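In case you want the letters, here they are:
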Amino acid sequence: MALIVQKYGGTSVGSPERIRHVAEKVSAARQRGDDVVVVVSAMSGETDRLVGLAHQLAPRPEPRELDVLLSTGEQVTIALLSIALQKLGCAARSYTGAQVRILTDNAFNKARIRDIDEAAVRKDLSAGRVVVVAGFQGVDEDGNITTLGRGGSDTTAVALAAALKADECQIYTDVDGVYTTDPRVVPQARRLARITFEEMLEMASLGSKVLQIRSVEFAGKYNVPLRVLSSFQEGEGTLISFEESQMEQPVISGIAFNRDEAKITVVGVPDQPGVAYGILGPIANANIEVDMIVQNVAADATTDFTFTVHRRDYSQAIDILRDVASGMGARELTGDNKIVKISIVGVGMRSHAGIASKMFQTLSKEGINIRMISTSEIKVSVVVDEKYLELGVRALHDAFELERAPK
Ligand code: ADP
Ligand code: ASP
Ligand code: MG
């Protein structure tokens, strides 16, 4: 008998019929003799709807109140799924994050899980009940409701699997696994039977929203066996594996992209100590995360300093830098919030040369101008204009022959 944590995303629980279908899958797993803990998201579109309601009342709602609001989405689904399970004769009980006691820090809207009290869950499991837990939410030390950031139900599932030492954590979604790139953008994308944990971490952090990055971090830290599968069709899905396969590794495993980028340049700042800190210090103080950073080699006594932020933080970052830039004697402050980042990822890059240049060649053949570049051991990222996203990703998918399974 195994202990399985299953997570069903928004589309998979998007209607009463779909919730009934999930209940049937869960109940089938029970009948095979497994202990099952189920984590569910809000019904599809619900979290966006709630965010929209709050924004009708205030442009920047207080984060604490936003979390009280957003957590209701998942609360609806846990109750509906438990009702559906009970109707099938499968004993079940639902819990909000606070009821389980998924303890988090107090960073509203992006809280991190600190500890999970699994006693109540274990008690239900040993009484033969399915335990249905609300994803995406927790509670801080003072009893405030918190949420874990968009896509956070993945992290709830993996964290529960880690706490319970589950045999497998299964992420059921609307695609049948992790693909070489988002199949919505490249229809020829190919499902990967397995992907290394390290590559999945890069893909998630570079924008592939199939798994929330923190869920992958958790899986790595606690060695949780993790699989991505379809809620709608049978199949093996994709195993996130901890060992690199003995077989020939493809050089590139996947392409990730991020549409939520914006870039800011402080033009003509004096080339002297303290400039990077002078610019990025105030940005960090405002809790704005910076992604890529490029400082040009000084041509005269001045240099240009460019960095990227999340699009949502763009206007705030520009506001902060207006005074900073003039205080430094910079020539100009410019920005562009219509840019995207495209990245190629693969552990095979370590042992192959010429991958970056092949990427640049492919983009240049399509007439796509590269605005920024950054590389690490297993990825190359470029920033390009938003309008080139689809063209760029498809051209790279072709050039690296990702539609073909490696020999
Ligand atoms: P859920 O609501 O189940 O959490 P998400 O929308 O968060 O589902 O994640 C699934 C979606 O992730 C897919 O529909 C797909 O469009 C997108 N996606 C992005 N990159 C990939 C990838 N490399 N492989 C598979 N799906 C991807
Ligand atoms: N409902 C939340 C969201 O839409 C959490 C999740 O689905 O994982 O982001
Ligand atoms: Mg998701």
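Rules and cut-offs
- Residues numbered from 1 in each chain as written.
- Chains lettered and ligands numbered in written order.
- Predicted model: local features only at pLDDT ≥ 70, side-chain atom pairs only at ≥ 80, totals over all residues.
- Heavy atoms only, no water.
- Disulfide = S-S within 2.5 Å.
- Salt bridge = Lys/Arg side-chain N within 4 Å of Asp/Glu carboxyl O.
- Helix = DSSP H or I, 4+ residues; strand = E, 2+ residues; numbered from the N terminus.
- Buried < 20%, exposed > 50% of the residue type's maximum accessible area, 1.4 Å probe, protein only.
- Contact = heavy atoms within 4.5 Å.
- Axes fitted to C-alpha atoms, helices over the stretch in contact; angles between N-to-C directions.
- Parallel < 35°, antiparallel > 145°, perpendicular 65-115°, else oblique.
- Left-handed = near helix turned anticlockwise from the far one by under 90°.
- Nonpolar A, V, L, I, M, F, W, Y, C, P; charged D, E, K, R; others polar.
- Near = heavy atom within 4 Å.
- Polar contact = N/O pair within 3.5 Å; in protein donor to acceptor, adjacent residues only side chain to side chain.
- Areas by Shrake-Rupley, 256 points an atom, 1.4 Å probe, with all protein chains shown as cover.
- Pairing = 2+ DSSP bridges.

Draft legend 1. Spatial organisation of the state of the cysteines. Per the stated rule, a full pass over the model turns up 0 disulfides. Cysteine 90 forms no disulfide, and the closest cysteine sulfur to it belongs to cysteine 169, at a distance of 19 Å.

Draft legend 2. Just the pattern of salt bridges, in detail. Per the stated rule, a full pass over the model turns up 21 salt bridges. The salt bridge involving aspartate 154 is made with lysine 7; its shortest N-O contact spans 2.8 Å. With aspartate 154 in helix H6 (residues 153-164) and lysine 7 in strand E1 (residues 3-8), this pair connects stretches of sequence that are 147 residues apart. For the pair aspartate 154 and lysine 7, one class covers both residues: buried. Measuring nitrogen to oxygen at the nearest pair gives 3.4 Å for the salt bridge that ties glutamate 168 to arginine 227. Here glutamate 168, found in strand E9 (residues 168-173), pairs with arginine 227, found in strand E11 (residues 226-230); they are 59 residues apart in sequence, far enough to count as distant.

Draft legend 3. Representation of helix H12 (residues 389-399) within the structure. Buried residues of H12: Leu389, Gly392, Val393, Ala395, Leu396 and His397, and no others. Contacts from the buried residues of H12 go to strand E13 (254-270), strand E16 (332-345), helix H11 (355-365) and strand E18 (379-385). Where H12 terminates, the next one or two residues include glutamate 401, which has phi positive at roughly 50°.

Draft legend 4. Main features of the packing of H11 against H12. Following both chains from N to C, one finds H11 and H12 inclined at 130°, their axes separated by 9 Å at the closest point. By the criterion of interaxial angle, the relationship of H11 to H12 is oblique. With respect to the hand of their crossing, H11 and H12 are arranged in right-handed fashion. Counting all contacts with H11, which are made through Lys358, Met359, Thr362 and Leu363, the residues of H12 involved are Gly392, Ala395, Leu396 and Ala399. Here the residues of the contact of H11 with H12 are counted per class, giving 5 nonpolar, 2 polar and 1 charged.

Draft legend 5. Looking closely at the site of ligand 2. The environment of ligand 2 is made up of Ser41, Ala42, Thr47, Glu74, Phe136, Arg150, Gly151, Gly152 and Ser153. Within the side chain of serine 41, one N or O atom sits 3.0 Å away from an oxygen atom of ligand 2. The contact in question runs from an oxygen atom of ligand 2 to an N or O atom on the side chain of arginine 150, over 2.7 Å. Protein chains bury 86% of the 270 Å² of accessible surface belonging to ligand 2 in isolation.

Draft legend 6. Region of interest: the side chain of lysine 7. Note on lysine 7: relative accessible area 7%, which makes it buried. The contacts of lysine 7, once residues within four sequence positions are left out, are Val39, Ser41, Ser153, Asp154, Ala157, Gln170, Ile171 and Tyr172.

Draft legend 7. Representation of the sheet that holds E11 in the model. The 8 strands are arranged E3-E6-E2-E1-E9-E11-E12-E10 in an open sheet whose pairing can be described as mixed. Both outer strands of the open sheet, strand E3 (92-95) and strand E10 (194-196), are each paired with one neighbouring strand and no more. Direction aside, neighbouring strands of the sheet carry axes that sit 20° apart on average. Where E9 lies against E11, 5 bridges are found, and the strand directions are parallel. Its bridge partner lying in E11, glutamine 170 is registered against arginine 227. Together, E10 and strand E12 (238-241) form the strand contacts of helix H7 (residues 197-205), whose direction differs from that of E10 by roughly 85°.

Nothing here speaks to function; it is all geometry.
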